[in-house]
Amino acid sequence: MKVLVIGSGAREHALCRSLSLDPDVTALHCAPGNAGIAETAELHPVDALDGAAVAALATELGAELVIVGPEAPLVAGVADAVRAAGISCFGPSEEAAQLEGSKAFAKDVMAGAGVPTARSYVCTTPEEVDEALDAFGAPYVVKDDGLAAGKGVVVTDDLAKARAHAIACDRVVIEEFLDGPEVSLFAITDGETVVPLQPAQDFKRALDGDEGPNTGGMGAYSPLPWADPKLVEEVMETVLQPTVDELRRRGTPFSGLLYAGLAITSRGVRVIEFNARFGDPETQVVLARLKTPLAGVLLAAAEGTLADLAPLRWSDDAAVTVVVASHNYPDTPRTGDPITGLDEVAALDAPYAYVLHAGTKHDGDAVVSAGGRVLSVTATGSDLTEARARAYAAVARIGLDGSQHRTDIAAKAAADATTDVTAEATTDVTAEA
C-alpha cells in the first residue's frame, strides 16, 4: 500500500522507519518530515494543521493509508478531513481527540467509564485555583487544560510557583499527587477492539535524577523488568477497554492510538493522563521491539477490522532511547547548530543502534538543529544493560554544540534487573545445594 505519514518529529521518524521495513508498503511519503525522515520517505511540504491541504496531498499521492502523528492536527480535525476524502486514516476524530485536547473532558470520560484516576478540580478563576491548591496541599499538580506539547504540567512543592502556572492558564486542572512509578501503555483501537502494545517508561525531567524542569521527554526504555506481569491485562480491563467503550457510548468512537499515562500507586493503577497519539519518546522503543509489520495493524484499526488481526509478535530484546536536546531546552532552544557524527553511527553501530531525527533540517549539505529535542538515539540489546551501552556509545559519536542529554536513562531498571538475576541465580544454587 501507499502510506502518508503526517508530522516532523522523532515519533514520525520511528513510524517511517518501521513502515519502511514493512514489505507491504510500496510507497512511503511524509509531510512535512525532517532531515532524517528524508532518508526513508519522500517528503512533501504541507501545513499539518490544515485538514483540506492534508487530504488534497493524500489524494494527489494516491495514498491508501494516512497516519497522523502529532496531537495538534488530530485536535484540529485533520483525520476527519482525510476520511471525508475517502481515504483510510489512522487517528481519532476531532471530537474523540479531545481526550488529549482537554484534560477536563478526559476526566469526565474517566468518571463515566469508572476509570481510576486522581481526584481533581477544574478551575477558571483565581479563587477556584486557591481553593483547589488548599484542598490538596503539596506536592501541587497543576495541568493546563489544553495542549501544551507535553510541557503544560507543573509538579512542585512551591505554592507560589503552582499558583502562578495555574493563573497563567485560561482553564486548569488541579489534582491530587499520585505516588509511585509511571508507565506509558499504548493501545491500538478501531473503536471497539483494543490491542495493547508493550509498556514503556519515559523520563520527563530535563536533568539526571529526575531533576530540573518538565520536558516533552528525555528518553525511554522497554520492557519494564520491575512491572507486574499482569499489568497490561489489568490496564486493559480497568482503563483502556472501558474508556473506548464509554467514548463509543457517547457517540464519539475513538479510533487510532490510545495512550494511557499511568501511575502505579500504593492504592493501585491510576491514570495520570490520556494522549490521542503515539507518545514521544516511548514510540521509539516500543516500535523497536515490534516484530509484526506495522502498516497492516494500523490499516486494520483505520478500517475497523482489528478483531481479525493475529496477535502481535514482539522481540524479547530490550530497547533504550536517549534524547539529545538543544542548548537551553526546554526554554527557548538555540537552533541552527551543525550536527556531526551521524554517518559514524550509521557505519559503526547499525543495526543495533540508530538515530531518529526530531528537530533537524538540511542547511546545504549539512544537517542542523531545528528544535528543542533534536535527536532520539535508539538501541536494542539482549537486556537493558546492553541496550543502554549501545545507545550511549552512539550518543558519544554525535557532536552538537551546547547540546544536553540525560546520562541515567534506564540505569536504575537495568541495575535492578541485574540484581534480581543475581539473586535468582543465588537462590537456585542454594536450592540445588
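Computed from a prediction, not measured in an experiment: that's the story for all the values here.

**Topic: the sheet that holds strand β23 (residues 373-381)**
Here five strands make up an open sheet; going across it, the order is β12-β15-β18-β23-β20 and the pairing antiparallel. Lying at the two open borders of the sheet, with one neighbouring strand each, are β12 (201-202) and β20 (353-357). Bridge count for strand β15 (residues 219-222) against strand β18 (residues 318-325) is four bridges, and the pairing is antiparallel. Counterpart to Tyr221 in the pairing with β18 is Val320. Lying over the sheet, helix α10 (residues 282-289) contacts β12, β15, β18, β20 and β23, oriented at roughly 150° with respect to β18. The sheet contacts of helix α13 (residues 384-397) involve β15, β18, β20 and β23, and relative to β18 the element is tilted by about 30°.

**Observations concerning the pattern of salt bridges**
Opposite charge on two side chains makes pairing possible when the charged atoms of those side chains draw close. The final tally for this structure, using the stated rule, is 22 salt bridges. Of the charged contacts, one joins Asp108 and Arg250 as a salt bridge, the two residues approaching to 3.0 Å between their closest N and O atoms. Of this pair, Asp108 sits in helix α6 (residues 103-113) while Arg250 sits in the loop between α9 (231-249) and β16 (256-265), and the two are 142 residues apart along the sequence. You can call Arg250 partly exposed: its relative accessible area is 30%. Residues participating in the shared-partner salt-bridge network are Asp108, Glu246, Arg249 and Arg250.

**Structural notes on the packing of aromatic side chains**
What characterises a pair of aromatic rings is the spacing of the ring centres plus the angle enclosed by the ring planes. A full pass over the atoms with the stated rule returns five aromatic pairs. Each ring, one from Phe186 and one from Tyr259, has its centre 5.0 Å from the other, and the planes form 40°; the classification is tilted. Of this pair, Phe186 sits in strand β10 (residues 182-189) while Tyr259 sits in strand β16; the two residues are 73 residues apart in sequence, bridging distant segments of the chain. Its relative accessible area of 3% is what places Tyr259 among the buried residues. Taking 6.0 Å as the distance between ring centres and 45° as the angle between the ring planes, the aromatic pair formed by Phe203 and Tyr221 counts as tilted. On the criterion of sequence distance, the pair formed by Phe203 in the loop between β12 and β13 (205-207) and Tyr221 in strand β15 is long-range, its members being 18 residues apart. One exposure class covers both Phe203 and Tyr221, and it is buried. Ring pairs connect the aromatic residues Phe90, Phe186, Tyr259 and Phe278, which therefore count as one cluster.

**Let's talk about the environment of Ser184**
Structurally, the position occupied by Ser184 is in strand β10. Owing to a relative accessible area of 4%, Ser184 belongs among the buried residues under this scheme. Sequence-distant contacts of Ser184, that is, excluding residues within four places in its chain, are made with Pro199, Ala200, Asp202, Tyr259, Ala260 and Glu282. Of the polar contacts made by the side chain of Ser184, one reaches the side chain of Tyr259; its length is 3.4 Å. For Ser184, the side chain forms a polar contact with the side chain of Glu282, separated by 2.7 Å.

**Points about the sheet that holds strand β1 (residues 2-7)**
One open sheet accounts for five strands, arranged β3-β2-β1-β4-β5; its pairing is parallel. The open sheet is flanked by β3 (42-43) and β5 (88-90), the only strands paired with a single partner. As paired elements, strand β2 (residues 27-32) and β3 share two bridges and run parallel to each other. Note that in β3 the partner of Cys30 across the bridge is Leu43. Relative to β1, helix α1 (residues 10-20) is tilted by about 170°, and along the sheet it contacts β1, β2 and β4 (65-68).

**Observations concerning the side chain of Thr321**
With respect to the secondary-structure elements, Thr321 resides in strand β18. Judged by relative accessible area, which is 0%, Thr321 ranks as buried. Looking at Thr321, its side chain comes within polar contact range of the side chain of Thr378, at 2.9 Å. Every residue in contact with Thr321, bar those within four places of it in the chain, is listed here: Gly219, Ala220, Pro281, Gln284, Val285, Ser376, Val377, Thr378 and Ile409.

**Considerations on the confidence of the model for the protein chain**
Mean pLDDT over the protein chain stands at 94; residues scoring 70 or higher make up 96%. Throughout residues 422-433 the model reports pLDDT below 50, and contacts reaching past four residues in sequence, or to other chains, amount to zero contacts.

**Some remarks on the environment of Ala391**
Along the chain, Ala391 falls in helix α13. Classification of Ala391 by relative accessible area gives buried; the value is 0%. Sequence separation between Ala391 and Tyr354 is 37 residues; the distance between their C-alpha atoms is 8.2 Å. Excluding its chain neighbours within four sequence positions, the residues that come into contact with Ala391 are Val320, Val322, Val377 and Ala379.

**Considering the nonpolar core**
In this structure, Leu4, Val66, Leu240 and Val320 are the most contacted members of the largest nonpolar core, which totals 77 residues. Of all the elements, α9 adds the most residues to this core, at seven residues. Contacts of Leu240, omitting those with residues within four sequence positions, involve Leu185, Ala187, Val194, Val235, Leu258 and Ala260. Membership of the second largest hydrophobic core comes to 43 residues, among which are Leu15, Leu19, Leu65 and Leu356.

Calculation notes
- Residues numbered from 1 in each chain as written.
- Predicted model: local features only at pLDDT ≥ 70, side-chain atom pairs only at ≥ 80, totals over all residues.
- Heavy atoms only, no water.
- Pairing = 2+ DSSP bridges.
- Helix = DSSP H or I, 4+ residues; strand = E, 2+ residues; numbered from the N terminus.
- Contact = heavy atoms within 4.5 Å.
- Axes fitted to C-alpha atoms, helices over the stretch in contact; angles between N-to-C directions.
- Salt bridge = Lys/Arg side-chain N within 4 Å of Asp/Glu carboxyl O.
- Buried < 20%, exposed > 50% of the residue type's maximum accessible area, 1.4 Å probe, protein only.
- Phe/Tyr/Trp six-rings, centres within 6.5 Å; stacked < 30°, edge-to-face > 60°.
- Polar contact = N/O pair within 3.5 Å; in protein donor to acceptor, adjacent residues only side chain to side chain.
- pLDDT = per-residue confidence, 0-100.
- Core = buried A, V, L, I, M, F, W, Y, C linked by side-chain atoms within 4.5 Å.

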